[in-house]
Amino acid sequence: LLSLTITVASMALLIFCTPACQKDWDMETDRVSPDDFEEIVIRTSGTSIEYDATRLGWPYHTNMRIAGFNDDGQILGHSGSYSYIWHDGVLEPLPLSADLQACRAFDMNAGGMIVGACTKDGQVVPVYWNIQNGVSGAQIAELNLGDDFVSGTARGINDDGLIVGYLSEVPLPNSLTQSTYMSYQAVYWDSFTGDPVVLTNFEPETAFDSSSSMAIYVNNEGYIAGGSNTYNEGGNVIESRGVVWTSTGGVPIELDLRLERDRWTDMHRMGLNDQGDITSIATPGDQTIAALWINDGGSGWNGPIQLENSYLGQIGRPLRLEGEIYVPGAFAISNNIAPAVIWSINESGAVTGSQQLPFPEELIYNQKYAVANFMNEDGWVVGTSRDRRNPRFYHDMDVTLWIPGEIIDDPDDPDEPDDPDDPDDPDDPDDPSDLSVDLFDLINTSNPQFARVTVNWEVSGENLSSVSLVITGQNSDSMSWSVSGDTASGQHQFSFRRGFGAYVVSITVTDASGSLTESKNIQL
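Numbering of residues begins from 1 in every chain and follows the order in which that chain's sequence is written. This being a predicted model, a pLDDT of at least 70 is required before a residue's local features are given, and a value of 80 or more before pairs of side-chain atoms are given or counted; all residues contribute to the totals for chains, interfaces and linings. Each side-chain value is worked out from all heavy atoms of the structure, with water and hydrogens disregarded.

**Details of the overall build of the protein chain**
And step 1. In this description a helix means any DSSP run of H or I spanning at least four residues, a strand means any run of E spanning at least two, and both kinds are numbered starting from the N terminus. Along the protein chain, the regular secondary structure elements total 2 helices and 38 strands.
And step 2. The burial tally for the protein chain puts 53% of its 524 residues in the buried class.
And step 3. Contacts: residue pairs with any heavy atoms within 4.5 Å of one another. Considering only contacts in the protein chain between residues 6 or more positions apart, those separated by 24 or more positions represent 53%.
And step 4. To measure how exposed things are, a 1.4 Å probe is used in the Shrake-Rupley method; for residues, cover is taken only from the protein chains shown. Of the roughly 23000 Å² of accessible surface on the protein chain, a fraction of 44% belongs to carbon and sulfur atoms. Under the scheme applied here, a residue whose accessible area is under 20% of the maximum for its type counts as buried, over 50% as exposed, and between as partly exposed, the area being computed with a 1.4 Å probe on protein chains only.

**Comments concerning the pairing of strand β27 (residues 351-356)**
And step 1. Among the 6 residues of β27, 5 are classified as buried, and the element is accordingly described as predominantly covered.
And step 2. Taken together, strand β26 (residues 340-346) and the strand that follows it, β27, pair antiparallel across an intervening segment of 4 residues, in which G349 is found at a positive phi of about 100°. Here, any two strands with at least 2 DSSP bridges between them count as paired.

**Quick notes on the packing of aromatic side chains**
And step 1. Aromatic pairs are defined between Phe, Tyr and Trp rings, using the six-membered ring for Trp, whenever the two ring centres lie within 6.5 Å; interplanar angles under 30 degrees are classed as stacked, those over 60 as edge-to-face, and all others as tilted. Taken as a whole and judged by the stated rule, the model has 7 aromatic pairs.
And step 2. Ring plane angle 35° and centroid distance 5.4 Å describe the contact between Y311 and Y369, whose orientation is recorded as tilted. Taken together, the residues span a long stretch of sequence, with Y311 in strand β22 (residues 310-315) and Y369 in strand β28 (residues 367-375) at a distance of 58 residues.
And step 3. Overall, the relative accessible area of 4% leaves Y369 in the buried class.
And step 4. Here W457 and W481 contribute two aromatic rings whose centre-to-centre distance is 5.2 Å and whose plane-to-plane angle is 45°, an arrangement assigned as tilted.

**Observations concerning the state of the cysteines**
And step 1. Only a pair of cysteine sulfur atoms within 2.5 Å qualifies as a disulfide here. This model, assessed by the stated rule, comprises 1 disulfide.
And step 2. A disulfide bridge connects C103 with C118, and the sulfur atoms are separated by 1.9 Å. Given an S-S torsion of about 110°, the disulfide between C103 and C118 has right-handed geometry. You can see C103 sitting in strand β6 (residues 101-108) and its partner C118 sitting in strand β7 (residues 113-120), a full 15 residues away along the chain. By the burial criterion, C103 is buried, and C118 matches it.

**Here we look at the sheet that holds β6**
And step 1. The strand order across the open sheet formed by 4 strands is β6-β7-β8-β9, and the pairing between neighbours is antiparallel. Each of the sheet's edge strands pairs with one partner strand only, and the pair in question is β6 and β9 (139-142). The average undirected angle you get between the axes of adjacent strands in this sheet is 30°.
And step 2. Pairing analysis gives 5 bridges linking β6 to β7, with the strands arranged antiparallel. For Q101, the partnering residue across the bridge sits in β7 and is T119. Interaxial angles span 0 to 180 degrees and are taken between N-to-C directions of axes, which are lines fitted to C-alpha atoms, for helices over the stretch in contact.

**Observations concerning the sheet that holds strand β38 (residues 514-523)**
And step 1. An order of β35-β34-β37-β38 is seen for the 4 strands of this open sheet, with the pairing classed as antiparallel. The sheet terminates laterally at β35 (477-482) and β38, the two strands that pair on one side only. Across the sheet, the mean angle separating the axes of adjacent strands is 15° when strand polarity is ignored.
And step 2. Where strand β34 (residues 466-473) meets strand β37 (residues 502-511), 8 bridges bridge the pair, whose relative direction is antiparallel. Directly across from I471, in β37, lies its bridge partner V505.

**Concerning unusual backbone geometry**
And step 1. For the bond running from G303 to P304, omega is 5°, close enough to zero to count as cis.
And step 2. For P304, the position within the fold is in strand β21 (residues 301-307).
And step 3. For D121, which is not glycine, the phi dihedral falls at a positive 55°.
And step 4. Mapping D121 onto the fold places it in the loop between β7 and β8 (123-130).
And step 5. Relative accessible area serves as the criterion here: at 74%, D121 is assigned to the exposed category.
And step 6. In the Ramachandran plot, E322 falls in the positive-phi region, its phi being about 50° despite a non-glycine side chain.
And step 7. Residue placement: E322 occurs in the loop between β23 (319-321) and β24 (324-331).
And step 8. Since its relative accessible area comes to 56%, E322 is described here as exposed.

**Examining a negative patch on the surface**
And step 1. Side chains of D147, D148, E169 and D195 sit close together on the surface and give a patch of like negative charge.
And step 2. Within the secondary structure layout, D195 lies in the loop between β12 (184-189) and β13 (197-198). Nonpolar side chains (Val, Leu, Ile, Met, Phe, Trp, Tyr) within 5 Å and like charges within 9 Å form the patches, drawn only from residues with over 30% relative accessible area and no salt bridge. Put simply, a salt bridge is a Lys or Arg side-chain nitrogen that is within 4 Å of an Asp or Glu carboxyl oxygen. A positive count includes Lys and Arg, and a negative count includes Asp and Glu. His and the chain ends are not counted in either. Here the site of a charge means atom NZ of a Lys, CZ of an Arg, CG of an Asp or CD of a Glu.

**What to know about the nonpolar core**
And step 1. Counting 31 residues, the largest nonpolar core has W58, I75, I278, V382 and L401 as the members making the most contacts within it.
And step 2. Of all the secondary structure elements, the ones that give two or more residues to this core are β2 (65-69), β4 (82-87), β14 (210-218), β20 (289-295) and β31 (398-409).
And step 3. Counting 23 residues, the second largest nonpolar core, distinct from the first, contains L442, V455, V467 and A488. What is meant by a nonpolar core is a set of buried Ala, Val, Leu, Ile, Met, Phe, Trp, Tyr and Cys residues, joined one to another through side-chain atoms within 4.5 Å.

**Some remarks on the environment of S97**
And step 1. Position of S97 relative to the elements: it lies in the loop between β5 (90-93) and β6.
And step 2. With relative accessibility at 23%, the residue S97 sits in the partly exposed group.
And step 3. A 3.5 Å cut-off defines polar contacts: any pair of N or O atoms within that distance qualifies, except that in protein one atom must be a possible hydrogen donor and the other a possible acceptor, and neighbouring residues in sequence count only when both atoms are side-chain atoms. At 3.1 Å, the side chain of S97 forms a polar contact with the backbone nitrogen of L100.

Right under this line is the structure:
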């Protein structure tokens, strides 16, 4: 597998301003233009892209979720009890009404229509917003529940106005429980004023069993992705399925993986593109992984394709461009460090590369986490990032935007000619900014009680900024330092009680020109 690397870019600009503030905000001239990105992004061999990371300053740092991101650069999401649209540096809340409060937006289409759910009289009801005349003039209204349902949620909408979601015959509180999941039925609305129609579900095998279903996304071809559960008489899950409906009148098609566990399959972490490719989580054994199913152009799917080193199965909506599928998510370097990542997969299902995205510079603690949720056709990526000082305290989570910049050519690519005029050419003897790991020694200092390795390191570069060590294997840990100048050195010992086995130790050094990582194996 080809592993792409990324040069950590400096923070070039602050994009957020309050809803009352309008800011003139454009891409800098040295960044990749949207017109050029498609040509660049398909060059997976020997090339990666430099990204800038910017936290957008969204309020309310709990229950934060990115719900949509379009090619116009609009970001839809919610945090706390409010939903927002961000565009061109302006964050605007979606309106509420006297009886519709604590609203969460879940999807938007190209026509300025948004769907979601609000609390009304203590229970959840499906709603929509019309922002065709701007967010300030937006209108909120309820979707019809029909005669058989009293509560539920609208989750997805396509550009034709087809809406999908799930409804219940019993009142649903704002905090969901296992019993409320059991009452869901997947539905669709073919207009904003029409009644909901139930999608076909799998029949329970016995008269004592019951079933529920959820519709999460709908694409512009009319494919609907969601989930289905079967329960026994005692209310326990006996089967969970990932499901696709290829039309509103079609039968459910089970994705080729049964997620066997004793609670509802988390189909909320799911993505669907217009080509029918689907992302979701899979749970083989005690693991939680990110997985991709590739549509064959009809009613068949190739998958699941496991995306290695995903952090807790965090995954976003796939994007297909020129025969390559790009999947945003989170990459587990260790238990303490998980950057956002973009995986690339070809149409045959082979993972052709991955590119880790830089952490925003505001994240200063050793434990850092980020996840990419959406990537648009201009290469812009949106997700969230956070850090924490200790296992019980998280720094403010915030919506984060990654903007593509310069192309980074791989010096090891034999098809890439040397450029004698390129100041970053590693073969240029006059290049003053060569970044290198000059010493990286691993010494086994274990005793009968503890598996220990002492790491001695020396690095050099131009205007060094940081050095980090990561160890993975039977256990995992990490350590990082802020450094300066052109050289730095140090020593660190990792120790695990009775943690004997094979380990991989990696060192990453960052300076003004980028980052460099080297790894070594050791048996403790």
